[in-house]
Structures are given as C-alpha cells and as structure tokens.
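Take a look at the letters that make up each chain.
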Amino acid sequence: MGKLDGRVVVITGAARGQGEQEARLFVKEGARVVVADVLDDQGEALAKEIGNATYVHLDVSREEDWRAAVEVAKNAYGKIDGLVNNAGILRFNELTATPLDEFQQIVQVNQVGVFLGIKTVAPEIEAAGGGSIVNTASYAGVTGMAYVGAYGATKHAIVGLTRTAALELAPKKIRVNAVCPGAIDTAMSNPAQLDPNANTEEAAEALAGLYSKLVPIGRVGQPEEVARLALFLTCEEDSSYITGQPFVIDGGWLAGVSIL
Ligand code: NAD
C-alpha cells in the first residue's frame, strides 16, 4: 500500500529539481499527480515517464492559468486533495542595486504564486473532503541571507501565508505546512546543471567543497530528501496533527555557528 493511495496532488514547478522528485515519489506512493510548470517539454516528458500523471502548463503568477489547471486536474482525476506549491525563482543582487522590476518579478512568482495556489485550490480540496497543502519556503525564509533580499522576503512571506492559511483552513480539514530547504543540489543552486558547456564535475566539486565547510552534516542536500519531507507532510496518516509549521531541512546549517 502506498502512503498516497487515492490522492490527487498538484505539484508546481514539477518539471525538474525538487518538484520533479516530489512528482516521482508521490506517484510511487500511489498518488495521481498533476505536473505543473512553464517548461512544457520537460514536464510532458516527465508525466509520460512516471505514469499516473498529467502535465499542465501553469505559470503560477497568472490566475487564469491556475483556473485552467484546476479544470485539467478535475477532468483527468475528478478531484484535487493535495497541493505542493514548489515553483520558485532566485536572483542574486545587493538590495540597493536590485531593480524594482526584478524585485516585483520575484514577488510575483514566489509569493503571489503561492497565494494564488492556495486561493484557487483550497476550495477544491475542501470539496474533496479535506487534504493538505505544502508550501516551499527556504532557509532564507527563516533567517537573513545577504544578496538574496527579494528572494528572502518572499520566502519569509510564504512562512506567514502558511500560518494564516493553516488557521483559516483547519475547519475545512486542510492542513498547511511549509518546507524550508537549505542548499539543495538542483539547477537553482548549481546552474552549471543547465549549461551544456559547463564542466559539471568541477561545479559539483566546488559546491561540495563549499557546503562541506558551511553545513554541519557536511554536504549539499539532495532533492529526493526534500521530496520525502513533502511526502510526510502530505500523507494524512503521518502528519495528521501537524499544521501551520515551517520545517527546516538544511543539514543543520541553521543550528548555529561552529567554531571548530
Ligand atoms: P529549479 O530551478 O530546479 O526548479 C524550479 C522549477 O520552478 C522549475 O521547473 C521552473 O521551471 C519552475 N518555475 C519557475 N517559474 C515558474 C512559474 N512562474 N510558474 C511555474 N513554474 C515555474 O529549483 P529547485 O531547487 O527545484 O526549486 C524548487 C523550490 O525550492 C523553489 O521554490 C526554490 O525557491 C526552493 N528552494 C530551493 C533551494 C535550493 O538550494 N535549490 C533552497 C531553498 C528553497
């Protein structure tokens, strides 16, 4: 028996990275998954490969895309009772050098995208009798991080949205939690993965060297590890009494400063 037998879960930003691993794991655990992204070719290919999945083009910052995605999900599977708001973008910049457009774009995708996801999908989950929402915040959503001011602001906002949504949606039998990953080995933290001319081994070694010093557990995290936390928070049996909480998954990075 799978942990998500009978469940229908929409996962945003699911064409690659953490969202891809969540889609793979959720299908393995018995769910039917709506793979939502703006990377159509990759998303379509993934849905076809894993089976029990449907791809939909969903730009999370567009309300009309959300409405259309809900229709696709209901036509394919009859209901929605889970949502993983995973899509996100990152830009590095000093705050005083950040163009307004860049700041607003990050807010639009990371923060407005999560708001629209909750607003559009929660009524569907309620109609299905209840379920869960997992929002993807970040280590940068629970502490300051230089040169990612816009990103960090949106991730703090996601933690706040998670708490408010949990309070408002608990009577509707919807639990809402957030995952807060530290450094995870995806294209976001390691853009060399996307560059056909990059020396990916060299980039991976540089990252490994960096995180062996920064992170107490001594390595970068893997997207599969975040997927297992999202699974725990989506599975009703495992996390039935948990709502409104941010869960840090960072190899101990946030635990404190080590002097050795
Ligand atoms: P990634 O860049 O590999 O994946 C992000 C996915 O989101 C991509 O598939 C991308 O196409 C999609 N996306 C971007 N804009 C979108 C939009 N407007 N609508 C729909 N989809 C969109 O990176 P990842 O590491 O897998 O990131 C997943 C989530 O985890 C993000 O919210 C990110 O902020 C968060 N996160 C990542 C790290 C890390 O170190 N990688 C750390 C903390 C939090």
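Residues numbered from 1 in each chain as written. Predicted model: local features only at pLDDT ≥ 70, side-chain atom pairs only at ≥ 80, totals over all residues. Heavy atoms only, no water.

S.K.: Explain the packing of helix 1 (residues 17-28) against helix 2 (residues 40-50) to me, please; I cannot follow it from the model alone.
M.R.: Two quantities define a packed helix pair, namely the angle between the helix axes and the distance between the axes. In contact at an axis separation of 10 Å, helix 1 and helix 2 are set at 20° when each is read in the N-to-C sense. In this view, helix 1 runs roughly parallel relative to helix 2, as classed from their interaxial angle. Helix 1 and helix 2 meet at a crossing whose hand is right-handed. Between helix 1 and helix 2, the contacting residues are E20, A23, R24 and V27 on the first element and L46, E49 and I50 on the second. Classifying every residue of the contact of helix 1 with helix 2 gives four nonpolar, no polar and three charged. (Axes fitted to C-alpha atoms, helices over the stretch in contact; angles between N-to-C directions. Helix = DSSP H or I, 4+ residues; strand = E, 2+ residues; numbered from the N terminus. Parallel < 35°, antiparallel > 145°, perpendicular 65-115°, else oblique. Left-handed = near helix turned anticlockwise from the far one by under 90°. Contact = heavy atoms within 4.5 Å. Nonpolar A, V, L, I, M, F, W, Y, C, P; charged D, E, K, R; others polar.)

S.K.: Help me understand the packing of helix 1 against helix 7 (residues 223-234) in this model?
M.R.: It is the contact of helix 1 with helix 7, at a shortest axis distance of 8 Å, that shows an interaxial angle of 55°. The angle between the axes of helix 1 and helix 7 places the two elements in the oblique class. Crossing handedness for the pair helix 1 and helix 7: right-handed. Here G17, Q18, Q21, E22, L25 and F26 of helix 1 come into contact with helix 7, specifically with P223, E224, V226, A227, R228, A230, L231 and T234. Here the contact of helix 1 with helix 7 is built from residues that sort into seven nonpolar, four polar and three charged.

S.K.: Mind showing me how you'd approach helix 2 here?
M.R.: Three or four residues apart is the spacing at which side chains of an α-helix point the same way, because the helix has 3.6 residues per turn. By the burial criterion, the buried members of helix 2 are G43, L46, A47 and I50. Buried residues in helix 2, looked at end-on, bunch into an arc of 95°, giving them a common side. Among the exposed residues of helix 2, those oriented more than 90 degrees off its buried face are D41, K48 and E49. On its buried face, helix 2 sits against helix 1, strand 2 (32-37) and strand 3 (53-57). (Buried < 20%, exposed > 50% of the residue type's maximum accessible area, 1.4 Å probe, protein only. Arc of directions from axis to C-beta.)

S.K.: I keep staring at the site of the ligand and nothing clicks. Help me out?
M.R.: Around the ligand sit 28 residues in total, of which R16, D37, N86, Y151 and T186 are the nearest. Taking V60, its main chain carries an N or O atom lying 3.0 Å from a nitrogen atom of the ligand. Side-chain polar atom of T186 to an oxygen atom of the ligand: 2.6 Å apart, as the coordinates give it. Here the ligand, which alone exposes 830 Å², has 94% of that area covered by the protein. Those elements that provide at least two residues to the shell around the ligand are helix 1 and helix 5 (149-169). For the shell around the ligand, a count of residues per class yields 14 nonpolar, 10 polar and four charged. (Near = heavy atom within 4 Å. Polar contact = N/O pair within 3.5 Å; in protein donor to acceptor, adjacent residues only side chain to side chain. Areas by Shrake-Rupley, 256 points an atom, 1.4 Å probe, with all protein chains shown as cover.)

S.K.: Explain the nonpolar core to me, please; I cannot follow it from the model alone.
M.R.: A general feature of soluble globular proteins is that nonpolar side chains tend to end up buried together. Grouped together as the largest cluster of nonpolar side chains are 36 residues, with contacts concentrated most on W66, L83, V121, I133, L169, I174 and V176. The biggest single contributor to this core is helix 4 (residues 100-127), with eight residues. Among the nonpolar cores identified, the runner-up in size contains 28 residues, and F26, V35, V179 and I249 belong to it. (Core = buried A, V, L, I, M, F, W, Y, C linked by side-chain atoms within 4.5 Å.)

S.K.: Sorry, what's going on with the pairing of strand 1 (residues 8-12) here?
M.R.: Consecutive side chains of a regular strand alternate in pointing toward one face of the sheet and then the other. Of all five residues that make up strand 1, five are buried, and the element is covered over most of its length. Neither face of strand 1 is exposed, since V8, V10 and T12 on one face and V9 and I11 on the opposite face are all buried. In the sheet, strand 1 pairs with strand 2 via five bridges, with the strands oriented parallel. Counterpart to T12 in the pairing with strand 2 is A36. Handedness of the crossover joining strand 1 and strand 2 through helix 1: right-handed. (Pairing = 2+ DSSP bridges. Right-handed = clockwise from strand over helix to strand, strands pointing away.)

S.K.: Would you explain the pairing of strand 2 in this entry?
M.R.: When you tally the buried positions in strand 2, you get five out of six residues, the bulk of the element. Both strand 2 and strand 3 contribute to a ladder of five bridges, which runs parallel. Paired with V35 across the bridge in strand 3 is Y55. A crossover connection joins strand 2 to the parallel strand 3 through helix 2; in handedness this β-α-β unit is right-handed.

Honestly, it's all geometry; don't read function into it.
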